[in-house]
Amino acid sequence: MTFLKTFRPNAGKGALALAAMALGAGIWILPACSAQTGAEGSEATDGDVLATIGANSVTRAEIQTEAESGLEQAKMQKLQCESTYERTVHQVMETTLERVVRDRVLTEEATARGITREELIEAEVESKVGEVTDEQVDTFYAQNQAQIRQPKEQVAAQIRQHLGRQVRDTVYNEFITSLEAKSNVDYKLGPYRVEVAADGPSKGPESAPVTIVEFSDFQCPYCSRVVPSMDKVTEKYGDKVQLVFRHFPLQFHAEAQKAAEASLCAHDQGKFWEMHDLMFEEQSSLKVADLKDKAKRLEMEEAAFDECLDSGKYFEAVQEDMRAGVLAGVSGTPAMFINGRFVSGAQPYENIAEVIDEELARMSVN
């Protein structure tokens, strides 16, 4: 059984262990991004002979021309890897900085009270964590039953432990926050940001203080799960948020590319968001004939929509979105950038709202 993961936009706040584990894995993998083999060294030229067939030669330039598509994909993978590496380095620094600061304010407070750090944590955290009640277990199970998919009796102990850890984390973070305020802690290292163009169908004004650029795939089940969260964001924050939709159809989703094109054909007729919602509601029917049927049901001009979709008018536009996503470090969907801050996966509304609120507070927007 896997419980809902808790996402913390500021690495370390209540999730230091999770962040360290994830970042540790990245550190071992990512340095290979910049590795270079001897065969592709700086002295390689287009005229290099890579093979001979009798008296004839096959040059590097010929093979590069033939392999253009594959080489472009490899280049994008390298750029994606480098972007992910840069983000990971920043997250490691951010997490380590917070750990060091927290260690020091705890030590200062314990010294001031004349007790050990362990005694301080026992007094201010452990002693204030109450028992998880049966009612809390029942409520959590009822809210997450569709994902747990096991009888309550089999998972009740795990749920109790999970809720207990959540309560302890909350108490601990509140205590640490109070110590940071007491010690006038001021973090100068802000969250990592990536500049991503807000190009695409959108909701909300361009002048909004918060811009969310979402990369998504109409065939991705996780992308459909984030739709209600984004609807709630636009409803609650109104003109404080601009939501921009960009495409990232995954290669193993055979119908995602055409679905993306269909949404832009619908955009031509002012019905992008209607098509967006309908395709996510009916993810099992995204073949070309299904897309045309959806356009008809949404009362679009059928001939114009069909011609747009059949001609591949927006094929390159979708690919351009993908390239932009890759350059920003996107490797899966959904992925969003909230004022450039990367948020990965089908996060619940509360986690997305937390980042938005931090951005509004940073800009002193009420």
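Residues numbered from 1 in each chain as written. Predicted model: local features only at pLDDT ≥ 70, side-chain atom pairs only at ≥ 80, totals over all residues. Heavy atoms only, no water.

A. The arrangement of the nonpolar core in detail. Core analysis: the largest hydrophobic core is formed by 44 residues, its most contacted members being I212, M275, I338 and I356. Setting aside residues no more than four positions away along its own chain, I338 makes contact with R193, V210, T211, I212, V343, I352, V355, I356 and E359. Formed by 15 residues, the second largest nonpolar core is a distinct cluster that contains V194, F215, F248 and F337. (Core = buried A, V, L, I, M, F, W, Y, C linked by side-chain atoms within 4.5 Å. Buried < 20%, exposed > 50% of the residue type's maximum accessible area, 1.4 Å probe, protein only. Contact = heavy atoms within 4.5 Å.)

B. Broad picture of the packing of helix α10 (residues 288-297) against helix α11 (residues 302-311). Relative to each other, α10 and α11 sit at 150°, their axes nearing to 10 Å. What the angle tells us is that α10 and α11 run roughly antiparallel. In terms of crossing hand, the pair formed by α10 and α11 is right-handed. Of the residues in α11, those in contact with V288, L291, K292, A295 and K296 of α10 are E302, F305, D306, L309 and D310. Each residue belonging to the contact of α10 with α11 can be placed in one class, and the counts come to 5 nonpolar, no polar and 5 charged. (Axes fitted to C-alpha atoms, helices over the stretch in contact; angles between N-to-C directions. Helix = DSSP H or I, 4+ residues; strand = E, 2+ residues; numbered from the N terminus. Parallel < 35°, antiparallel > 145°, perpendicular 65-115°, else oblique. Left-handed = near helix turned anticlockwise from the far one by under 90°. Nonpolar A, V, L, I, M, F, W, Y, C, P; charged D, E, K, R; others polar.)

C. Looking closely at the state of the cysteines. A full pass over the atoms with the stated rule returns 1 disulfide. The thiol sulfur of C220 is not disulfide-bonded, and the nearest other cysteine sulfur, from C223, lies at 3.1 Å. Looking at C220, the relative accessible area reads 2%, which means it is buried. (Disulfide = S-S within 2.5 Å.)

D. Spatial organisation of the sheet that holds strand β5 (residues 241-247). Ordered in space as β3-β5-β4-β6-β7, the 5 strands form an open sheet in which the pairing is mixed. Whereas interior strands pair on both sides, the edge strands pair on one side only; in this sheet they are β3 (202-203) and β7 (341-344). Pairing between strand β6 (residues 335-338) and β7: 4 bridges, direction antiparallel. What sits directly across from A335, in β7, is S344. The strands that helix α9 (residues 272-281) touches are β3, β4 (210-216) and β5; relative to β5, the one it contacts most, it runs at about 65°. (Pairing = 2+ DSSP bridges.)

E. Examining the packing of aromatic side chains more closely. In total, this model carries 8 aromatic pairs according to the counting rule given. Relative to F280, the ring of F218 has its centre 5.0 Å away and its plane inclined at 45°; by these criteria the two rings are tilted. Separated by 62 residues along the polypeptide, F218 in the loop between β4 and α7 (221-237) and F280 in helix α9 bring together distant segments of the chain. Accessibility expressed as a relative area gives 1% for F218, which makes it buried. The exposure class assigned to F280 is buried, which follows from its relative accessible area of 8%. (Phe/Tyr/Trp six-rings, centres within 6.5 Å; stacked < 30°, edge-to-face > 60°.)

F. Broad picture of a nonpolar patch on the surface. Taken together, the side chains of Y85, V89, M93, L97 and L189 define a hydrophobic patch exposed on the protein surface, amounting to about 410 Å² of accessible area. Relative to the helices and strands, M93 resides in helix α3 (residues 68-113). Relative accessible area serves as the criterion here: at 52%, M93 is assigned to the exposed category. (Patch = residues over 30% accessible without salt bridge, like charges linked within 9 Å, V, L, I, M, F, W, Y side chains within 5 Å. Areas by Shrake-Rupley, 256 points an atom, 1.4 Å probe, with all protein chains shown as cover. Salt bridge = Lys/Arg side-chain N within 4 Å of Asp/Glu carboxyl O.)

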